[in-house]
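Each chain, letter by letter, is given below.
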Amino acid sequence: MTSGSDHQASGESAVLRAHAEQAYADELAALAAVDDRPRPPQWQLSPWAVATYLLGGTLHDGTTVSAKYVGSRRLIEIAVASLATDRALLLLGVPGTAKSWVSEHLAAAISGDSTLVVQGTAGTTEETLRYGWNYASLLAHGPSDGALVPGPVMRAMREGTLARIEELTRIPADVQDTLITILSEKSLPIPELDDEVQARRGFNVIATANNRDKGVNDLSSALRRRFTTVVLPLPDSLDDEVSIVQGRVASLGASLDLPADLESLSEIRRVVTVMRELRSGVTHDGRTTVKSPSSTLSTAEAISVMTSGLSLAAHFGDGRVGADDVAAGLLGAVVKDPVQDAVVWDEYLETVVRSRPEWNDLYRACRDLDPARA
């Protein structure tokens, strides 16, 4: 999972969110300066340096590299090692497990460019994955190199860099299979020009998919065989998840110029505890079983709740995030289904939150949002 840093806030002030290679340029440059290990063709860093960039560490010259992912080192090593071969990488996991974040940072560290992205949707066409045409030029002059509009994957093949495909399983199955030739033959036919694009060394694909989308557009067995699949799990421990949320909220707060003191964010542990208990179906002490809502309640949701609370505290409070600031965010995160989830949330408030004296303020803040029960 993600870990925050002040680097994102140090980018261009006019940019709301800098690309990873821009936001962490200093760290990438520091790693490149000390990296004396073998690098695969076209890679900006060695596999060791890429893993260090993702996982964090202290370099020989004393430079501290922030952790972009808090979790299993071995998973990151497997992902990096796969990209150093001719096998594409599929990052699989429930929403909020940092799939896109890891994908972006891998592309930034390996290729120095994380922007060659295809966003998968039900409306993604074959042309999006392959190439399109400038129709004015096509009508005027017919098929030609000048009329061809390469997509992100074709550009990555030509440049020998990484292409990213987000939400692969949301793309229609017949369009997904466009990738089979690209990944197996490392070529992209252009029958209109009686030509093809052959991938340069260094080309590869990182795809992400939500494993809760299984059955939407399942990958064919032929396509799945072209990928090394790495499943990114939710954080193992409460402390790890708190650390992730704290870091990301600090980074987002700085980039949004929210005037609040991170040290005062005592609500983080409480928000993360609520999320973990509801998604696991049991309280952290194992004594009480609770119902789980329809939503995933991932770490990303906790970050969203805390960022919203930070904004409320900064603009309408004293800068210290309290129960009143996070209550509405919790309600919105948990209650996606106004009938089923509302019952789950109500029972959790009465059986868990109300029974904890130190959570009386949170119980009251949540109940104040329900006038019928206030």
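Residues numbered from 1 in each chain as written. Predicted model: local features only at pLDDT ≥ 70, side-chain atom pairs only at ≥ 80, totals over all residues. Heavy atoms only, no water.

### Focus: the overall build of the chain
Scanning the chain from terminus to terminus reveals 17 helices and 11 strands. Over its C-alpha trace the chain gives a radius of gyration of 23 Å, about what one expects of a compact globule, namely 21 Å for 374 residues. Out of the 374 residues belonging to the chain, those deemed buried represent 50%. Taking all contacts inside the chain whose residues are at least 6 apart in sequence as the whole, residues at least 24 apart take part in 71%. (Helix = DSSP H or I, 4+ residues; strand = E, 2+ residues; numbered from the N terminus. Rg over C-alpha atoms; globule rule 2.2 N^0.38 Å. Buried < 20%, exposed > 50% of the residue type's maximum accessible area, 1.4 Å probe, protein only. Contact = heavy atoms within 4.5 Å.)

### Quick notes on helix α17 (residues 360-368)
Turning to α17, its buried residues are Leu362, Tyr363, Ala365, Cys366 and Arg367. Looking at the buried side of α17, the elements it contacts are α13 (267-280), α15 (323-334) and α16 (340-353).

### Remarks on the pattern of salt bridges
Scanning the model with the defined rule gives 20 salt bridges in all. Here Arg269 makes a salt bridge to Asp239, at a shortest N to O gap of 2.8 Å. Taken together, the positions of Arg269 in helix α13 and Asp239 in helix α12 (residues 238-255) put the pair 30 residues apart, joining distant regions of the chain. We note a salt bridge from Arg356 to Glu277, for which the minimum N-O separation is 2.6 Å. Here the residue Arg356 occupies a position in the loop between α16 and α17, and Glu277 occupies one in helix α13, the gap between them amounting to 79 residues. (Salt bridge = Lys/Arg side-chain N within 4 Å of Asp/Glu carboxyl O.)

### Describing a negative patch on the surface
Side chains of Asp145, Asp194, Asp195 and Glu196 sit close together on the surface and give a patch of like negative charge. Tracing the chain through its elements places Asp194 in the loop between β8 (187-190) and β9 (195-198). For Asp194, a relative accessible area of 73% translates into the label exposed. (Patch = residues over 30% accessible without salt bridge, like charges linked within 9 Å, V, L, I, M, F, W, Y side chains within 5 Å. Areas by Shrake-Rupley, 256 points an atom, 1.4 Å probe, with all protein chains shown as cover. Lys, Arg positive; Asp, Glu negative; His and termini not counted. Charge placed at Lys NZ, Arg CZ, Asp CG, Glu CD.)

### Thoughts on the pairing of β9
Each regular strand carries side chains that alternate between the two faces of the sheet. With 4 bridges connecting them, β8 and β9 associate as antiparallel partners. By the bridge assignment, Leu188 is partnered in β9 with Val197. The hairpin turn running from β8 into β9, its antiparallel successor, is 4 residues long, and Asp194 in that turn takes a positive phi close to 50°. (Pairing = 2+ DSSP bridges.)

### Remarks on the sheet that holds strand β4 (residues 117-119)
Taken together, the 5 strands give an open sheet; going across it, the order is β4-β7-β10-β3-β11, and neighbouring strands pair in parallel fashion. Only two strands of the sheet have a single partner each, and these edge strands are β4 and β11 (227-231). Each adjacent strand pair in this sheet contributes to an overall mean axis angle of 20°, direction not counted. Seen against the sheet, helix α5 (residues 99-111) touches β3 (88-93), β7 (162-166) and β10 (204-210) and runs at an angle of roughly 170° to β7. Helix α8 (residues 152-159) rests against β4 and β7 of the sheet, and its axis sits at about 160° to β7. (Axes fitted to C-alpha atoms, helices over the stretch in contact; angles between N-to-C directions.)

### So, the environment of Leu162
By secondary structure assignment, the location of Leu162 is in strand β7. For Leu162, a relative accessible area of 2% corresponds to the buried category. On a C-alpha basis, the gap between Leu162 and Leu234 in space is 26 Å, while along the polypeptide they are 72 residues apart. Leaving out residues up to four positions away in the same chain, Leu162 has contacts with Leu83, Leu106, Ala107, Ile110, Ser111, Leu116, Ala156, Gly202, Asn204 and Ile206.

### Some thoughts on helix α2 (residues 25-34)
Those residues of α2 that fall on the buried side of the exposure criterion are Glu27, Leu28, Ala30 and Leu31. Considered in projection along α2, the buried side chains sweep an arc of 160° and stay on one side of the axis. Away from its buried face by more than 90 degrees, α2 exposes Asp26 and Ala33. Packing partners of the buried residues in α2 comprise α1 (20-23), α3 (47-55), β2 (64-65) and α5. (Arc of directions from axis to C-beta.)

### Details of the side chain of Thr124
Tracing the backbone shows Thr124 in the loop between β4 and α6 (126-129). Owing to a relative accessible area of 7%, Thr124 belongs among the buried residues under this scheme. A polar atom in the side chain of Thr124 sits 2.8 Å from the backbone nitrogen of Thr121. Once you skip the residues sitting within four places of it in the chain, Thr124 turns out to touch Val118, Gln119, Ile171, Pro172 and Val175. (Polar contact = N/O pair within 3.5 Å; in protein donor to acceptor, adjacent residues only side chain to side chain.)

### A look at the confidence of the model for the chain
Summing up the model confidence of the chain, the mean pLDDT is 90 and the portion of residues at 70 or higher is 93%. Within the model, the stretch residues 2-12 combines pLDDT values under 50 with 31 contacts to residues more than four positions away or in other chains. (pLDDT = per-residue confidence, 0-100.)

### Notes on the environment of Arg364
Counting through the fold element by element, Arg364 comes out in helix α17. On the accessibility criterion, Arg364 (40% relative accessible area) is partly exposed. In sequence terms Arg364 and Ala327 are 37 residues apart; their C-alpha atoms lie 9.2 Å from each other.

### Regarding unusual backbone geometry
In this structure, Gln42 takes a positive phi of about 75° despite not being glycine. By the element assignment, Gln42 lies in the loop between α2 and α3. Although it is not a glycine, Glu167 adopts a positive phi angle of roughly 55°. Along the chain, Glu167 falls in the loop between β7 and α9 (173-176). Its relative accessible area of 21% is what places Glu167 among the partly exposed residues.

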